Amino acid sequence: MNKVFIIGGNGQVGYCLKQQTEVLNMPAFVTTRDMLDVTDYEQLKKLVATEKPSVLINASAYTNVEQAEDDYEKAYEVNCVAVGNMAKVAHELHIPLIHISTDYVFDGTCDRIYTEDKPTNPINAYGKSKLLGENAVIENHDQYVILRTSWVFGQHGKNFVKTMMRLFGSKDSLKVVDDQIGGPTFAGDIAKAILDIVDYLHKNPEKQPWGIYNFSGFPNVTWCTFTKNIYAVALEKKLVDKYIKIEPVATEFYPTKAKRPKNSQLSMKKIKDVFDIDPSDWSRELKYNLEKYCEQE
Ligand SMILES: NC(=O)c1ccc[n+]([C@@H]2O[C@H](COP(=O)([O-])OP(=O)(O)OC[C@H]3O[C@@H](n4cnc5c(N)ncnc54)[C@H](OP(=O)(O)O)[C@@H]3O)[C@@H](O)[C@H]2O)c1
C-alpha cells in the first residue's frame, strides 16, 4: 500500500488523520512540530525525500485568528510560504498535495451558499494568509486538492464545543452570536474525507480531479443554534443537570480584533459529484461522543 506523509499530526485534523491511518493499517509518516517545523524548507525537503510518500497531506496551519491580526508575519510564513514550499516539494517528487483551507477566504456577504468559484475576499489577517497559501499551492504544483472547511471541532485540541461544555459547568446563562451562519465540521470527518480522496487517487490514477473543494458540516447553523444543540445533547446524556439560558446576540456584542464572515455556508455539491463524499454529520458526533469533549487534556 502507498504511504502518506502527514504534516501537523498534533492538530485537531492531523491527530484524526494519524488515528485513522492506524485503524486502516495505512502506511503513514506523521510529523509534529518537534520533528518538522514547516517553516524549515531544507528539513521539509530532506524528510519528504527520505520517506518517499505517494501523497503529501498538510494539516498544519497558524490557526489563531485573533493573534494573526498582530502577528501577520508569522501567519503568512506558516500559512503561505511554508505551504508554497510543500507544493514545490510535492511537484519535484511528482506526488499530489492535499491541503486544508478555510471559509475565511470569503467575506461572508454572499446571500447564498458559497460554491468554490465564488470570488474570494478575506476580511481578516488569517483569511488573507490562507488565501495566499491556496495561491502558493496553485502556482507551484499541478496535482493538488485544496479542501476548504469551516468551524472545526474534534476530541483532540481546543475548540468551540469544548469551550461550551466548560461554560455549561460554570454559568447559568450564556449570550451567543446568532448572526453568523456556517457548518460545524467534525475533524474526524475531514480526516476521513482526505483519506477517501487518497484512496480515490490511488484507484483512479488516470483521473485529474485537481482543484479546490468545499468540505463542511450540515446542516448549517448559527453559533447560537449550535450551542443549543450541544446543550440539548449534554442534558440528554446527563453531562449537565441544570437549566442554562442561552440567549442570541449580534456579533457586535463581542467586539473582536478579527472580523468574521457572517455567511460561511459552503456548497458540498462538487465534492459529492467528484469524490462521492457527504457532508460532515456534526450532530452524530455530538450524539455519540459529547462526553469526550469534557475531558481535560
Ligand atoms: N479550526 C477551525 O475552526 C478551522 C476552520 C476552517 C479551516 N481550518 C483549517 O483546517 C486545518 C486544520 O485545522 P485544525 O483546527 O486541525 O488546526 P490546529 O488544531 O490548530 O492544528 C494546527 C497544527 O499545526 C501545527 N503547526 C503550526 N505551526 C507549525 C509550524 N511552524 N511547524 C509545524 N507545525 C506547526 C500546530 O502545532 P502545535 O500543536 O505544536 O501548535 C498544530 O498541531 C488548517 O489548515 C486550518 O486553517 C480550521
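Scroll up to find the structure this text is about.
1. A few points about the overall build of the chain
No. 1: Of regular secondary structure, the chain possesses ten helices and 13 strands.
No. 2: Its C-alpha atoms give the chain principal-axis dimensions of roughly 55 × 40 × 40 Å.
No. 3: Among the 297 residues that make up the chain, the fraction classed as buried is 52%.
No. 4: Of the contacts made within the chain by residues no fewer than 6 positions apart, 82% connect residues no fewer than 24 positions apart.
No. 5: Both charge centroids of the chain, one from 36 positive and one from 40 negative side chains, sit 3 Å from each other.

2. Some remarks on the pattern of salt bridges
No. 1: Applying the stated criterion across every chain, the model contains 17 salt bridges.
No. 2: Of the charged contacts in the structure, one is a salt bridge between E42 and K45, with a shortest N-O distance of 3.6 Å. With E42 and K45 both in helix α2 (residues 41–51) and three residues apart, the pair spans about one turn of that helix.
No. 3: A salt bridge links R260 to E66; the nearest nitrogen and oxygen atoms lie 2.5 Å apart. Within this pair, whereas R260 is found in the loop between β12 (245–249) and β13 (263–264), its partner E66 is found in helix α3 (residues 65–68), the two being separated by 194 residues in sequence.
No. 4: Residue R260 is classed as partly exposed on the basis of its relative accessible area, which comes to 24%.
No. 5: A relative accessible area of 28% places E66 in the partly exposed class.
No. 6: Salt bridges here are not isolated pairs; linked through shared partners, they connect D179, E252 and K262.

3. Some points on helix α7 (residues 187–203)
No. 1: In this model α7 runs 24 Å from its N-terminal to its C-terminal C-alpha over 17 residues, within 8% of the 24 Å that 1.5 Å per residue would give.
No. 2: Buried within α7 are the following residues: A187, G188, I190, A191, A193, I194, L195, I197, V198, Y200 and L201.

4. Observations regarding the site of the ligand
No. 1: Close to the ligand lie 23 residues; Q12, R33, T63, Y126 and K130 are nearest.
No. 2: One of the side-chain nitrogen or oxygen atoms of Y126 is found 2.6 Å away from an oxygen atom of the ligand.
No. 3: In this structure, an oxygen atom belonging to the ligand sits 2.7 Å away from a side-chain N or O atom of K130.
No. 4: Considering the ligand on its own, with 910 Å² of exposed area, one finds that the protein chains cover 83% of that surface.
No. 5: When contributions to the shell around the ligand are tallied by element, the ones reaching two or more residues are α1 (12–24), β4 (97–102) and α5 (125–140).
No. 6: Within the shell around the ligand, the residues separate by chemical class into ten nonpolar, nine polar and four charged.

5. Digging into the sheet that holds strand β11 (residues 221–222)
No. 1: A sheet is described by the order of its strands in space; here three strands give the open sequence β11-β8-β13, paired in mixed fashion. Every interior strand has two partners, whereas the edge strands, β11 and β13, have only one.
No. 2: Two elements, strand β8 (residues 181–182) and β11, share two bridges in a ladder whose sense is antiparallel. In the strand pairing of β11, I181 is matched with T222.

6. Re unusual backbone geometry
No. 1: Across the junction of F218 and P219, the peptide omega takes the value 0 degrees, indicating a cis bond.
No. 2: Here P219 is to be found in the loop between β10 (211–214) and β11.
No. 3: Of note in this structure, N25 is not a glycine but carries a positive phi near 60 degrees.
No. 4: Mapped onto the elements of the fold, N25 is located in the loop between α1 and β2 (28–31).
No. 5: If you check the backbone angles, D276 has positive phi at about 60 degrees while not being a glycine.
No. 6: Note on placement: D276 falls in the loop between α9 (269–275) and α10 (282–289).

Conventions used here
- Residues numbered from 1 in each chain as written.
- Predicted model: local features only at pLDDT ≥ 70, side-chain atom pairs only at ≥ 80, totals over all residues.
- Heavy atoms only, no water.
- Helix = DSSP H or I, 4+ residues; strand = E, 2+ residues; numbered from the N terminus.
- Buried < 20%, exposed > 50% of the residue type's maximum accessible area, 1.4 Å probe, protein only.
- Contact = heavy atoms within 4.5 Å.
- Lys, Arg positive; Asp, Glu negative; His and termini not counted.
- Charge placed at Lys NZ, Arg CZ, Asp CG, Glu CD.
- Salt bridge = Lys/Arg side-chain N within 4 Å of Asp/Glu carboxyl O.
- Expected span 1.5 Å × (residues − 1).
- Near = heavy atom within 4 Å.
- Polar contact = N/O pair within 3.5 Å; in protein donor to acceptor, adjacent residues only side chain to side chain.
- Areas by Shrake-Rupley, 256 points an atom, 1.4 Å probe, with all protein chains shown as cover.
- Nonpolar A, V, L, I, M, F, W, Y, C, P; charged D, E, K, R; others polar.
- Pairing = 2+ DSSP bridges.

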